[in-house]
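# Structural description and commentary
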Amino acid sequence: MVLAQLGGSISRAIQQMSNATIIDEKVLNECLNEITRALLQSDVQFKLVRDMQTNIKKIVNLDDLAAGHNKRKIIQQAIFNELCTILDPGKPSFTPKKGKSSVIMFVGLQGSGKTTTCTKYAYYHQKKGWKPALVCADTFRAGAFDQLKQNATKAKIPFYGSYTESDPMRIAVEGVERFKQENCDLIIVDTSGRHKQEASLFEEMRQVAEATKPDLVIFVMDSSIGQAAFDQAQAFKQSVSVGAVIITKMDGHAKGGGALSAVAATKSPIIFIGTGEHIDEFEVFDVKPFVSRLLGMGDWSGFMDKIHEVVPMDQQPELLQKLSEGNFTLRIMYEQFQNILKMGPIGQVFSMLPGFSAELMPKGHEKESQAKLKRYMTIMDSMTNEELDNSNPKLMTESRIIRIARGSGRPPREVMDMLEEYKRLAKVWSKMKGLKIPKKGEMSALSRNMNAQQMSKVLPQQMLKQIGGMGGLQGLMKQMGSMGGSAKDMMGMFGGVDK
Ligand SMILES: Nc1nc2c(ncn2[C@@H]2O[C@H](COP(=O)(O)OP(=O)(O)OP(=O)(O)O)[C@@H](O)[C@H]2O)c(=O)[nH]1
C-alpha cells in the first residue's frame, strides 16, 4: 500500500465512523481496527500499531464524541498527533554549520540508494551556498567509485576515492583530511553496503566511524523494504551512532510505513526523503506537514511556500489578490498550469494543495499528468475570453462544449473532464476567499506568534465553525501548544479539512 492509499484508507475509516449517529465504544473500535489494518498493510511495525491504537483510545474521550461535537476532527486530531509522535523522536539531529568542516557518514544496505543520496545531499547543500565534497569509502563493490565519481562530476562536486586501494578506512581518512585542508564545510563519506557477512559490514562501518569521527551518521533506508525496516534500522543503530535517517524511493510503489519503524528503531529523526532517481528529487522532511498530507488534510504552509516558488514574482500579488477574493477562473487555472509545467515536478505541487492527495497526480506518472495538463490547455486555447474569465460553471452550455471540442480537436468528454477538474480546483481554492495572504517569509513568523484571535481571522469562517468557533479554537491551540505545536502546524492541519 503506497502512502497516499494509506492516507485515503485512514480518512475513509474516520469518515465512516463520523457518519454513525451515535459513537460508542464499538463504533470507535471498528474505526480503529480499520486504521490498524491500513497501517499494517503499509508495513508499519506491529508493535507500533498496537501502541498507537492503545494511545488513541486513551486520548479520545467517548463523551467528547457525543452529538454536537465534531467527531471527525477529534479522531483525526488524535491520529494526527499519534503519527507525529511516532515520527518525531523528540530531539533534532546534529545540524552542520556553513563555513565549519563537518564530516557526515552515510550508512545503509546495498541498493538502499545510499550513493545516490550522498550526491543528492551534497547537491542540495551546494545549491544553498555550501562547499560539499564526496569521499567514496566503498571498496567492496567494484563500480561504487565510478558511480560516485560520475554523479559528483555531473553535479560539479569535488570527490575522492581510489580504484586500487582496498582499505576503506585509509581512503576515508585521506579523503576527509584532504577536504578539510581545502576548507570544504560538508565532507560526505559514502560507505559500503554489501559484505559477504553482515558482521564484517558492521565491523567495517565501526572502523570507518572510529577513524573519521563523523559529526553525524545518516542511515539511508529504502522505503519499500517492508516489515524488515525496524530490525534493519536497529541493527545499524547498534553498530554506529546513527543520528538521522533518510528514507529513499518514497515515489512509486513504496510502502512508506517502514519510515515510521526506522524512526522508532533509531530514535533519530528523518531529515530528508528521496522522491525519485534524479539529483533534485530530494525533499526536506518535516513531520507535521508530512502527516497532514498523508491524511489528505493538505499542507497549507507548504502550499503557500510553493506558490511563492512556482508563480513568477510579478504575478504573485495579482494571483494572491484574486484568490483572496475567491475568484478562481479558468484563466487562472490556465496560467497556473503554465507555471507548473515550467517548474515541475508537478506531483509535489499538487499533493500540497489542500484537499488534493498524491493519488490525483501520482508521482512516477508525471509524464502522463503533464500531457494531461497540456491537453487541457489546448482545450482552453479554443475558449473565448468571456469563458476564460468567468467563474460561473453554468456558462458552459452543451453547445459551447461542442464548439470548444471541435475547435481544439479534442473529444467533448475531455472538455467536460477538464471542466470537472476546474470545478474541483475552484472548490478547494475558494476556501482561500477572505484569507489574509502573508508575504514570502512572513508565514512562519506570523503563524508561530499568532494567538487564537488572530488565527480566527485568518481561518476561513466555515472551518472556524467546524472546530467550534473561538472556544473550540482556543482549546485546540492550547492542546497543540502543550505538545509543542505552533499555530503554523495548525494551519497545516486545517488546510482543506472540510473537503
Ligand atoms: N525511484 C527512486 N530511485 C532511487 C531513489 N534513490 C535511489 N534510487 C535508485 O536506487 C538504485 C540504487 O541506488 P544506489 O545509490 O546505487 O544504491 P546504494 O545503496 O548506494 O548501493 P551500494 O553502493 O551498492 O551500497 C539506483 O538505481 C538509484 O537510481 C529514490 O528516491 N527514488
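The sections below set out a description of the structure shown in this document. (Residues numbered from 1 in each chain as written. Predicted model: local features only at pLDDT ≥ 70, side-chain atom pairs only at ≥ 80, totals over all residues. Heavy atoms only, no water.)

This part takes up the sheet that holds strand β5 (residues 216-222). With mixed pairing, the 8 strands of this open sheet are ordered in space as β3-β2-β4-β1-β5-β6-β7-β8. Each edge of the sheet is formed by a strand with only one pairing partner; in this case those strands are β3 (159-160) and β8 (282-284). Across the sheet, helix α5 (residues 114-127) touches β1 (102-107), β2 (132-137), β4 (186-191), β5, β6 (242-248), β7 (270-274) and β8, and the angle it forms with β4 is around 170°. (Pairing = 2+ DSSP bridges. Helix = DSSP H or I, 4+ residues; strand = E, 2+ residues; numbered from the N terminus. Contact = heavy atoms within 4.5 Å. Axes fitted to C-alpha atoms, helices over the stretch in contact; angles between N-to-C directions.)

Another point: the pattern of salt bridges. Tallied over the entire structure, the rule returns 17 salt bridges. A salt bridge links D51 to K47; the nearest nitrogen and oxygen atoms lie 2.9 Å apart. Placement of both D51 and K47 in helix α3 (residues 46-59) is noted, with a separation of 4 residues, approximately one turn of the helix. You can call D51 partly exposed: its relative accessible area is 29%. On the basis of relative accessibility, which here comes to 46%, the residue K47 falls in the partly exposed class. Of the charged contacts in the structure, one is a salt bridge between R410 and E414, with a shortest N-O distance of 2.7 Å. What makes R410 partly exposed here is its relative accessible area of 28%. Via salt bridges that share partners, E386, E387, R400 and R403 belong to a single interconnected network. (Salt bridge = Lys/Arg side-chain N within 4 Å of Asp/Glu carboxyl O. Buried < 20%, exposed > 50% of the residue type's maximum accessible area, 1.4 Å probe, protein only.)

What surrounds the ligand is a group of 20 residues, the closest being K114, T115, T116, R141 and D251. Contact between the ligand and K120: an oxygen atom at 3.4 Å from a side-chain N or O atom of the residue. In isolation the ligand exposes 660 Å². Once the protein is present, 83% of that is buried. Residues that form the shell around the ligand fall into these classes: 1 nonpolar, 12 polar and 7 charged. (Near = heavy atom within 4 Å. Polar contact = N/O pair within 3.5 Å; in protein donor to acceptor, adjacent residues only side chain to side chain. Areas by Shrake-Rupley, 256 points an atom, 1.4 Å probe, with all protein chains shown as cover. Nonpolar A, V, L, I, M, F, W, Y, C, P; charged D, E, K, R; others polar.)

An ideal rise of 1.5 Å per residue puts 24 Å on 17 residues; helix α2 (residues 25-41) measures up with 24 Å between its terminal C-alpha atoms. D43 lies just past α2 and shows a positive phi near 70°. (Expected span 1.5 Å × (residues − 1).)

At a minimum axis distance of 10 Å, the contact between α2 and α3 shows a crossing angle of 155°. Looking at the two axes, α2 sits roughly antiparallel to α3. The interaxial crossing formed by α2 with α3 has right-handed handedness. Along its contact with α2, which presents N29, L32, N33, T36, L39 and L40, the element α3 presents F46, V49, M52, Q53, I56 and K57. A breakdown of the residues in the contact of α2 with α3 according to their chemical character gives 7 nonpolar, 4 polar and 1 charged. (Parallel < 35°, antiparallel > 145°, perpendicular 65-115°, else oblique. Left-handed = near helix turned anticlockwise from the far one by under 90°.)

The next subject is unusual backbone geometry. With the exception of glycine, most residues fall at negative phi, and the peptide bonds are largely trans. With a phi close to 60°, N183 is a non-glycine residue in the positive phi region. One can find N183 in the loop between α7 (168-181) and β4. Assessed through its relative accessible area of 59%, N183 is described here as exposed. With a phi angle near 60°, K249 is a residue other than glycine that sits in the positive phi range. One can find K249 in the loop between β6 and α10 (258-266).

So, on to the packing of aromatic side chains. Overall, the coordinates contain 9 aromatic pairs when judged by the stated rule. Between F145 and F159 the ring centres are 6.2 Å apart and the planes differ by 55°, which places this aromatic pair in the tilted class. Separated by 14 residues along the polypeptide, F145 in helix α6 (residues 144-154) and F159 in strand β3 bring together distant segments of the chain. In this structure F159 comes out as partly exposed when scored by relative accessible area, which is 28%. Ring centres of F219 and F236 lie 4.9 Å apart, and the angle between their planes is 35°; this geometry places the pair in the tilted category. Linking F219 in strand β5 with F236 in helix α9 (residues 229-239), this pair joins segments that are 17 residues apart in sequence. The same class applies to F219 and to F236, which are both buried. (Phe/Tyr/Trp six-rings, centres within 6.5 Å; stacked < 30°, edge-to-face > 60°.)

Moving on to the pairing of β5. Most of β5 is tucked away, with 7 of its 7 residues classed as buried. The alternating pattern of β5 places L216, I218, V220 and D222 and V217, F219 and M221 on opposite faces, both of which are buried. Pairing of β1 with β5, which is carried by 4 bridges, proceeds in the parallel orientation. Among the inter-strand pairings, F106 is bridged to a residue of β5, identified as I218. Examined bridge by bridge, β5 and β6 share 6 bridges and lie parallel to one another. In the strand pairing of β6, V217 is matched with V242. Running through α9, the crossover from β5 to the neighbouring parallel element β6 is right-handed. (Right-handed = clockwise from strand over helix to strand, strands pointing away.)

By themselves, these are just geometric observations and shouldn't be taken as functional.
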